Amino acid sequence: MNTHRIHRVAKITGLSKDVIRVWERRFNLLKPIRGANRYRQYSDEDVALLRYLKDQVAGGGSIGELARMGREELLT
């Protein structure tokens, strides 16, 4: 499993680091692990989910409604 630090995830997804952190904290959809250095490490699955969420929100979707669906449903 590949892991990515938040600055890389921001570049890959086009989301700001602040948005990523807020979505992680507020909607509990992301589960980054913390490395020995305490940096967040996001999985490829997290990156794919963030890309999907960004596309849905850009198309008029609500992040709140998407979050209510839950991580598992969004990933299928």
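See the structure printed just above.
Parameters and conventions
- Residues numbered from 1 in each chain as written.
- Predicted model: local features only at pLDDT ≥ 70, side-chain atom pairs only at ≥ 80, totals over all residues.
- Heavy atoms only, no water.
- Helix = DSSP H or I, 4+ residues; strand = E, 2+ residues; numbered from the N terminus.
- Buried < 20%, exposed > 50% of the residue type's maximum accessible area, 1.4 Å probe, protein only.
- Polar contact = N/O pair within 3.5 Å; in protein donor to acceptor, adjacent residues only side chain to side chain.
- Contact = heavy atoms within 4.5 Å.
- Arc of directions from axis to C-beta.

So, unusual backbone geometry
Step number 1: The phi dihedral of Asn 28 is positive, around 55°, even though this residue is not glycine.
Step number 2: Note that Asn 28 resides in the loop between helix 2 (17-27) and strand 2 (33-34).
Step number 3: For Arg 38, which is not glycine, the phi dihedral falls at a positive 75°.
Step number 4: Within the fold, Arg 38 resides in the loop between strand 2 and strand 3 (40-43).
Step number 5: For Arg 38, a relative accessible area of 56% gives the class exposed.

Some details on the side chain of Arg 40
Step number 1: Mapped onto the fold, Arg 40 is located in strand 3.
Step number 2: Here Glu 24 takes part through its side chain, which lies 2.9 Å from a polar atom of the side chain of Arg 40.
Step number 3: If sequence neighbours within four positions are ignored, Arg 40 has contacts with His 4, Arg 5, Ile 6, Arg 21, Glu 24, Pro 32, Ile 33 and Arg 34.

A few points about helix 1 (residues 6-13)
Step number 1: Among the residues making up helix 1, those that are buried are Ile 6, Val 9, Ala 10 and Thr 13. Buried residues of helix 1, viewed axially, fall in a sector of 100°; they line one side.
Step number 2: Buried residues belonging to helix 1 abut strand 1 (3-4), helix 2, strand 3 and helix 3 (44-58).
Step number 3: Among the residues trailing helix 1, Gly 14 stands out with phi positive, at a value near 80°.

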